[in-house]
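Below are the chains, spelled out letter by letter.
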Amino acid sequence: MVAKNLKIESVKLDALKQYPGNARRGNVDALKDSLSVNGQFKPLVVQKSSNHILAGNNTYKAAKALKWAEILVTFVDVDDDEARRINLAD
């Protein structure tokens, strides 16, 4: 199923929360290098009701380490079960 009404928005990093129990472990240093060289080329996916990052937790960590004030996100209006499935799939 294709999600509808998605748009990319710029939001303050401090408004976002890492997903509790995020299953993914990434190389934050490599992501910092990529963000420094390439910028952000895909948005984080964020649960609208909670501001939890469902996809892109490690990109968020890298952006924070680089002291970015804002980041691009796409908000999705999903319940907690759907949010967990999205996080696990990412």
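Residues numbered from 1 in each chain as written. Predicted model: local features only at pLDDT ≥ 70, side-chain atom pairs only at ≥ 80, totals over all residues. Heavy atoms only, no water.

Observations concerning the overall build of the protein
Then step 1. For the protein, the helix and strand inventory stands at 3 helices and 5 strands.
Then step 2. Reading the protein from its N terminus to its C terminus gives the helix and strand order β-β-α-β-β-α-β-α.
Then step 3. Rg of the C-alpha trace for the protein: 13 Å, near the compact-globule value of 12 Å for 90 residues, within the 12% margin.
Then step 4. Taken along the three principal axes of its C-alpha coordinates, the protein extends 35 × 25 × 25 Å.
Then step 5. Taken across its 90 residues, the protein has 32% of its residues classed as buried.
Then step 6. Within the protein, contacts between residues separated by at least 24 positions form 86% of all contacts whose residues are at least 6 apart in sequence.
Then step 7. Accessible area for the protein stands at about 5,900 Å²; split by element, carbon and sulfur atoms hold 51% of it. (Helix = DSSP H or I, 4+ residues; strand = E, 2+ residues; numbered from the N terminus. Rg over C-alpha atoms; globule rule 2.2 N^0.38 Å. Buried < 20%, exposed > 50% of the residue type's maximum accessible area, 1.4 Å probe, protein only. Contact = heavy atoms within 4.5 Å. Areas by Shrake-Rupley, 256 points an atom, 1.4 Å probe, with all protein chains shown as cover.)

A few points about helix α2 (residues 57–65)
Then step 1. Turning to α2, its buried residues are Asn 57, Asn 58, Thr 59, Tyr 60, Ala 62 and Ala 63.
Then step 2. Structurally, α2 contributes buried residues whose contacts are with β2 (17–18), α1 (28–38), β3 (44–47), β4 (52–55), β5 (70–76) and α3 (80–89).
Then step 3. One or two positions beyond α2, positive phi appears at Lys 67, with a value near 65°.

Some thoughts on the layout of surface pockets
Rolled over the atoms, a probe with the dimensions of a water molecule shows which regions are left empty.
Then step 1. When its volume is computed, the largest pocket comes out at roughly 430 Å³.
Then step 2. Around the largest pocket, the lining comprises 22 residues; the ones closest to its centre are Leu 31, Lys 42, Gly 56, Thr 59 and Asp 90.
Then step 3. Of all the secondary-structure elements, those providing two or more residues to the lining of the largest pocket are α1, β3, β4 and α2.
Then step 4. Residue classes in the lining of the largest pocket are distributed as 8 nonpolar, 11 polar and 3 charged. (1 Å grid on protein atoms, 1.4 Å probe; cavity = no way out; pocket = protein on both sides within 12 Å on 5 of 7 lines; lining within 4 Å. Points joined across faces, edges and corners; volume = space filled by probe spheres on them. Nonpolar A, V, L, I, M, F, W, Y, C, P; charged D, E, K, R; others polar.)

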